[in-house]
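Read off the chains here:
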Amino acid sequence: MTAIISSRTRGIVLRALALTVLALAATFLLDSYRNYQLAVVAAVFCATAGLTLLVGLTGQLSLGHAVLMACGGYGYALAAGLAAEADLSGILRFALGILGAVVVAGGVGGLLGLAGARLRGPYLAGLTLALVIALPAFASQVPGLGGDQGRSVPFEPVPDWLAPVLFSTEQWHAWIAVLVAAVAVTPLAVLRSGKAGLRMRAVHGDEVAARLAGISPGRVKTNAFVAGALSAGLGGAVLAIATQTVSPGGYDLAFSLLLLVAVVIGGLGSIGGAAVGAVLVVLLPWLIDTLTTSVGLPADLEQRLSGNLVVLVFGALLVLVTVVWPGGLSHAFAGRFASLSARLRRRSDQHVPQSLTER
Amino acid sequence: MDRLAFLLATGLARGLVIALFALSLVIIWRAARIVNFAQAAMAIVAVYVAFAVTQATGSFWLGLAAALVTGALVGAVVERWLIRLVPSGTPLPGMIVAIGLVMILQSAISIIFGPKHRPMAAPFSEQPFTVGGVAVLSPYDLFILLVALGVVAALGLLFNGTTLGLQMRASAMAPEVSRLLGVRVPRMITLGWMLSSGVAALAVLLLVPTELGLNAHSADILFVHAFTVAVLGGLDSPSGALVGGIVVGILISLVTGFLGAGLAPIAVLVLLTVVLLVRPGGIFAAKEARTA
Amino acid sequence: MTTPTETPASTTTRTMLAVDGLTVGYAGAPVIDGMRLEVPHGAVVALLGANGAGKTTLLRTISGLVPPRAGRIELDGQDLSALSVEDRVRQGLAQVPEGRSVVSELTVEENLHLGALWKIPGRAARRDAVAEVYETFEPLARRRRSMGHQLSGGERQMLALARALVARPRVLLLDEPSLGLAPRVVAQLFSILRDTAGRTGLTVLLAEQNVTSALSIADRGVVLGLGEIVADAPAAEIAADPALRHAYLGF
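Caption draft 1: Examining the overall build of chain A more closely. Check the secondary structure of chain A and you find 15 helices and two strands. Relative to its length of 359 residues, chain A is compact, with a C-alpha radius of gyration of 21 Å against a globular reference of 21 Å. C-alpha atoms of chain A, sized along the principal axes, occupy 55 × 50 × 50 Å. Put simply, 77% of the contacts in chain A that link residues at least 6 apart link residues at least 24 apart. Counting every atom, chain A has about 16500 Å² of accessible surface; 67% of that belongs to carbon and sulfur. Each charge class in chain A was averaged separately, 22 positive and 15 negative side chains, and the resulting centres sit 19 Å apart.

What follows is the structure, given as structure tokens:
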């Protein structure tokens, strides 16, 4: 039993490692702005990966996931700021910042998780909604958070030993983002495929049955929330590093809904879907904006379309995906992918299908 | 002391609008077991129509009638053409589609009408009466009070005193059994949506004259507060919506008046957290959901 | 496979409920396979069979809750295929589903009014009809203001039956009315059912696991086995056939 699980875990870790190396290599092909976008995608991916488990597996609808990212951002800014004042720099300051992000996001996530364990769907959605709305108030009331302006984050320069290899700060930030995302998401993937994932599904399917099977729904839900919060917090820290600032305006309800859009479009419960979703919600707005400005519309119309057209597209996608492909894009295309990989497998006889051992 | 009386009175008026909107959320939850996140955006569509009618005719009352009719129509269209297509096994897909609808409606309105706020005039004076030197409710606040109480009474009569209300309650609670008794359940659900979005349109129409004006996002905060209220009172309880609305309205008014507007959202969050931790189904929840 | 035997009753009176070539079920083996069944006017037919034989599916298909894959369902010669559940009710087809079919958030009185609503829109006339039902179902009269969830199991089943009868249906489909009830309560319920059928000419299709009780009030028994009719005979004959009982009814 343990051998099977560990082989599956090893598979996930190896795949994550390969993807990470691939992403790091890809940064050399991208210009500075694309590297910045890659960092943002990685940060959003941290949050969506946790959210997709939360919503897709345990059925808890959180409208406040942006707040958890903000917690990570503020945690990083505060801790790294303190470290900078103590004249620390480099890896030590970075580590302290990450620690701050993890502590703050984990703490808030734990509290929310405790609430979530007691609340059913719409009630939890209501609580998290009120939390998102209250974020700017917290930012202006709690000393040290800097109000609406937010806080600046210590600049993270390219370390000397990497300077000959990397060609820009943005690339270095993309590296940080990719590495942190790997560290944040891989445990979630392991969790999802293992017993914990089964428990989450059991709780979503039928709480009474789950309880009869010896599973404590409250604990499973709280743990899922904490896991999602930690990952989102790391994403927030990455975003803080890449943008060098944290402010409540960046983590409003619209951003929370965008995270939800990402996981629904990607496919609830699927980590790959969360990645697809993260890419979409970062690149689509930029793409649409570039398109509307390049067409040469009247200034008035262009102004009206800016920011709104992309929301329209995302809303339509959200509705369309839920109605037409309830499994999200990853499921809609998984069938094709599976048949393709089966065909490839048949061609190469020496390849033994692993599905029997993986079941 | 004067300040307290004034804040209580404005809180009451504000709370009644919130309660009215919360009531619309309760109606739809009871009729269709869905939290309609799109309620505010749908109501805004209706109020834009009301705005156009009032502009064209100069009559607030024709505008009000238009808001009610359009609100109900939007509700019917959304239910028939969108919500029916959604898988209904769990509440999640319905909530997600409603969120998608908010995004579509709000962005479409912003694209069509632009970002500017269009001011709407109240049909009555907004200058408060003074009683013994203390400023209290304005005539418009009184009007809101009467409308809110009238709507609550009418809904109570509909649900508890008419056969239509009996059929709507039965359809919501036991759809299959109701169908076997000859109740046209799909029609009842459509009616529930129409009623709910009509009431929501009314609430937003009452709100707009007291705010900056009409804009795609004019009702966002109202929705958040009303949703908070519906959750506080229990999504099943009309009386919970009414009491909760007044409590939240007064709380916001007092916190804003004495401690500053910045703290109001935190106060609402704290109230909500405390209530939900003590009673996870809201204050007026009849009992915990049956677990077996 | 036994072919259904024609009962004498169906040749003398008109057929009230007929099922022909009925096949129900999604992919894979059908739950009901090419079934043919005729219930004459005024008959009480017991539908018997083990769990999973297809009794509930048959009743739900007749009432329209489950769409059939093929076949016809006729009520008094009228094809029901195109009609929705609600419209079948309006043709005089009533079903008491299995289990908790009482709307537990409504009072006894409201439940009864709900049952009569489509038939008797006038308030006064409906009140009379409900009062009449209270005479037949005395225990309910005492609890008219109680909520559905406050009733005992027997009271609930009684309410479900009463509610189906207020609208004076022509055909009544009953799914396991005796489930979970004490024998005395079952006897009381079944005697009311027998009396009403005798008095009003109501046609009853009664799905039951409680074979003895069901056969005691039925004219005819129909035994289902895995989606097919394996026996169709007068009630007394089925009750007396030990081979049949052992093979399909488990006692």
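Caption draft 2: Main features of the interface of chain B and chain A. Taken together, the contact between chain B and chain A spans 46 residues of the former and 41 residues of the latter. Of the roughly 3800 Å² buried between chain B and chain A on both sides combined, carbon and sulfur atoms contribute 82%. Ranking the residues of chain B by area buried against chain A places I96, M103 and I111 of chain B at the top, with a combined share of 17%. Viewed at the interface, chain A and chain B are joined by zero salt bridges. Scanning the region where chain B abuts chain A turns up four residue pairs in polar contact (both at pLDDT 80 or more). Looking at the side of chain B that touches chain A, the elements with two or more residues in it are α4 (91-113), α9 (220-233) and α11 (264-278) of chain B. When residues in the side of chain B that touches chain A are grouped by element, the largest group, 16 residues, is from α4 of chain B. Looking at the side of chain B that touches chain A residue by residue, the class counts come to 36 nonpolar, ten polar and no charged.

Caption draft 3: Structural view of the confidence of the model for chain A. Residue and element names in this part refer to chain A. In the predicted model, chain A carries a mean pLDDT of 85, and the fraction of residues at 70 or more is 90%. Mean pLDDT across the elements of chain A bottoms out in helix α15 (residues 355-358) (31) and peaks in helix α3 (residues 65-85) (94). Here residues 347-359 is a poorly scored stretch, pLDDT under 50, and it has four contacts once near neighbours within four places are set aside; other chains count.

Caption draft 4: Fine view of the side chain of Q157 of chain C. All names here are of chain C. Locating Q157 in the fold gives a position in helix α7 (residues 153-166). With relative accessibility at 8%, the residue Q157 sits in the buried group. Beyond its immediate chain neighbours, meaning those up to four positions away, Q157 contacts V96, G99, P177, L181 and L189.

Caption draft 5: Local environment of the packing of aromatic side chains. Residues and elements named next belong to chain B. Inspection of the entire model under this criterion finds 16 aromatic pairs over all chains. Ring geometry for F60 versus F143: centroids 6.5 Å apart, planes at 75°, classification edge-to-face. Separated by 83 residues along the polypeptide, F60 in helix α3 (residues 60-81) and F143 in helix α5 (residues 139-161) bring together distant segments of the chain. For the pair F60 and F143, one class covers both residues: buried. Members of the aromatic cluster, joined through ring pairs, are F60, W61, F124, Y140 and F143. Geometry around F159 places R30 over its ring, the cationic atom sitting 5.7 Å from the centre.

Caption draft 6: Inspection of the environment of D128 of chain C at higher detail. Tracing the backbone shows D128 of chain C in helix α5 (residues 123-136). In the structure, D128 of chain C is positioned 75 residues away from A53 of chain C in sequence and 41 Å away in space, judged by C-alpha atoms.

Caption draft 7: Expanded view of empty space enclosed by the protein. Summed over all chains, the structure comprises four cavities of 30 Å³ or more. Along the wall of the largest cavity there are 13 residues; nearest its centre are L180 of chain B together with V89, A94, W118 and A164 of chain C. With three residues, the single largest contributor to the lining of the largest cavity is strand β6 (residues 93-96) of chain C. Here the residues of the lining of the largest cavity are counted per class, giving nine nonpolar, three polar and one charged.

Caption draft 8: Region of interest: the sheet that holds β6 of chain C. Residues and elements named next belong to chain C. The strand order across the open sheet built from six strands is β6-β7-β8-β3-β9-β10, with neighbouring strands paired in mixed fashion. Both outer strands of the open sheet, β6 and β10 (228-234), are each paired with one neighbouring strand and no more. The average angle at which neighbouring strand axes cross in this sheet is 15°, direction not considered. Here strand β9 (residues 220-225) runs beside β10; their pairing, made up of six bridges, is antiparallel. Of the residues in β10, the one forming a bridge with G221 is A233. Along the sheet face, helix α2 (residues 55-63) touches β3 (44-48), β6, β7 (171-175), β8 (203-207) and β9 and points at about 145° away from the line of β7.

Caption draft 9: Focus on the sheet that holds strand β2 (residues 32-40) of chain C. Residues and elements named next belong to chain C. Strand order in this open sheet of four strands is β2-β1-β4-β5, and the pairing throughout is antiparallel. Each edge of the sheet is formed by a strand with only one pairing partner; in this case those strands are β2 and β5 (78-79). As judged from the two bridges shared by strand β4 (residues 70-75) and β5, these two strands associate in the antiparallel manner. The residue of β5 that forms the bridge with E74 is D79. Each of β1 (15-24), β2 and β4 touches α2; the most contacted strand, β1, lies at about 110° to it.

Caption draft 10: Up close: the packing of helix α6 (residues 163-173) of chain B against helix α4 (residues 108-116) of chain C. Where α6 of chain B meets α4 of chain C, the closest approach of the two axes is 10 Å, and the angle between their N-to-C directions is 100°. Taken together, the axis directions place α6 of chain B and α4 of chain C in an arrangement best described as roughly perpendicular. Judged by residue contacts, L166, Q167, R169 and A170 of chain B of α6 of chain B engage E110, H113 and L114 of chain C from α4 of chain C. Here the contact of α6 of chain B with α4 of chain C is built from residues that sort into three nonpolar, two polar and two charged.

Caption draft 11: Fine view of the pattern of salt bridges. Taken as a whole, this structure holds 19 salt bridges over all chains when the rule is applied. In this structure, D87 of chain C engages R184 of chain B in a salt bridge whose closest nitrogen and oxygen atoms are separated by 2.8 Å. Here D87 of chain C, found in helix α3 (residues 85-90), pairs with R184 of chain B, found in the loop between α7 (175-180) and α8 (185-207), and the two come from separate chains. Its salt-bridge partner being R168 of chain C, residue E132 of chain C comes within 2.5 Å of it at the nearest N-O pair. On the criterion of sequence distance, the pair formed by E132 of chain C in helix α5 and R168 of chain C in the loop between α7 and β7 is long-range, its members being 36 residues apart. The structure contains a network of salt bridges with shared partners spanning R14, D76 and R170 of chain C.

Caption draft 12: Inspection of the arrangement of the chains at higher detail. With two pairs of chains in contact, the largest contact count belongs to chains A and B. At their nearest point, the C-alpha atoms of chain A and chain C are still 19 Å apart, with no contact between the two.

Caption draft 13: How the structure looks around the interface of chain B and chain C. Between chain B and chain C, the residue contacts involve 20 residues of the former and 25 residues of the latter. In this assembly, chain B packs against chain C so that about 2100 Å² is buried in total across both faces, 60% of it on carbon and sulfur atoms. The interface formed by chain B and chain C holds four salt bridges in total. In terms of residue count, α6 of chain B provides more of the side of chain B that touches chain C than any other element does, six residues in total. Residues of the side of chain B that touches chain C, tallied by class, amount to ten nonpolar, five polar and five charged.

Caption draft 14: Representation of the state of the cysteines within the structure. Enumeration over the complete set of coordinates arrives at zero disulfides over all chains. Distance from the sulfur of C71 of chain A, which forms no disulfide, to the nearest cysteine sulfur (C46 of chain A) is 15 Å.

Caption draft 15: Representation of the pairing of β9 of chain C within the structure. Residue and element names in this part refer to chain C. Within β9, six of the six residues are buried, which leaves it mostly tucked inside the rest of the structure. The alternating pattern of β9 places R220, V222 and L224 and G221, V223 and G225 on opposite faces, both of which are buried. Linking β9 to β10, which pair antiparallel, is a turn of two residues; within it L226 sits at a positive phi near 45°.

Caption draft 16: Up close: the environment of M147 of chain C. For M147 of chain C, the position within the fold is in the loop between α6 (138-142) and α7. Discounting chain neighbours no more than four positions away, the residues touching M147 of chain C are S104, E105, L106 and T107 of chain C.

Caption draft 17: Representation of the nonpolar core. Counting 202 residues, the largest nonpolar core has Y76 of chain A together with F21 and F37 of chain B as its most contacted members. Grouped together as the second largest cluster of nonpolar side chains are 51 residues, A46, F190, A214 and I238 of chain C included.

What counts, and where the lines are drawn
Residues numbered from 1 in each chain as written. Chains lettered and ligands numbered in written order. Predicted model: local features only at pLDDT ≥ 70, side-chain atom pairs only at ≥ 80, totals over all residues. Heavy atoms only, no water. Helix = DSSP H or I, 4+ residues; strand = E, 2+ residues; numbered from the N terminus. Rg over C-alpha atoms; globule rule 2.2 N^0.38 Å. Contact = heavy atoms within 4.5 Å. Areas by Shrake-Rupley, 256 points an atom, 1.4 Å probe, with all protein chains shown as cover. Lys, Arg positive; Asp, Glu negative; His and termini not counted. Charge placed at Lys NZ, Arg CZ, Asp CG, Glu CD. Buried area = accessible area lost by both parts, 1.4 Å probe. Salt bridge = Lys/Arg side-chain N within 4 Å of Asp/Glu carboxyl O. Polar contact = N/O pair within 3.5 Å; in protein donor to acceptor, adjacent residues only side chain to side chain. Nonpolar A, V, L, I, M, F, W, Y, C, P; charged D, E, K, R; others polar. pLDDT = per-residue confidence, 0-100. Buried < 20%, exposed > 50% of the residue type's maximum accessible area, 1.4 Å probe, protein only. Phe/Tyr/Trp six-rings, centres within 6.5 Å; stacked < 30°, edge-to-face > 60°. Lys NZ or Arg CZ within 6 Å of the ring centre and 35° of its normal. 1 Å grid on protein atoms, 1.4 Å probe; cavity = no way out; pocket = protein on both sides within 12 Å on 5 of 7 lines; lining within 4 Å. Points joined across faces, edges and corners; volume = space filled by probe spheres on them. Pairing = 2+ DSSP bridges. Axes fitted to C-alpha atoms, helices over the stretch in contact; angles between N-to-C directions. Parallel < 35°, antiparallel > 145°, perpendicular 65-115°, else oblique. Disulfide = S-S within 2.5 Å. Core = buried A, V, L, I, M, F, W, Y, C linked by side-chain atoms within 4.5 Å.

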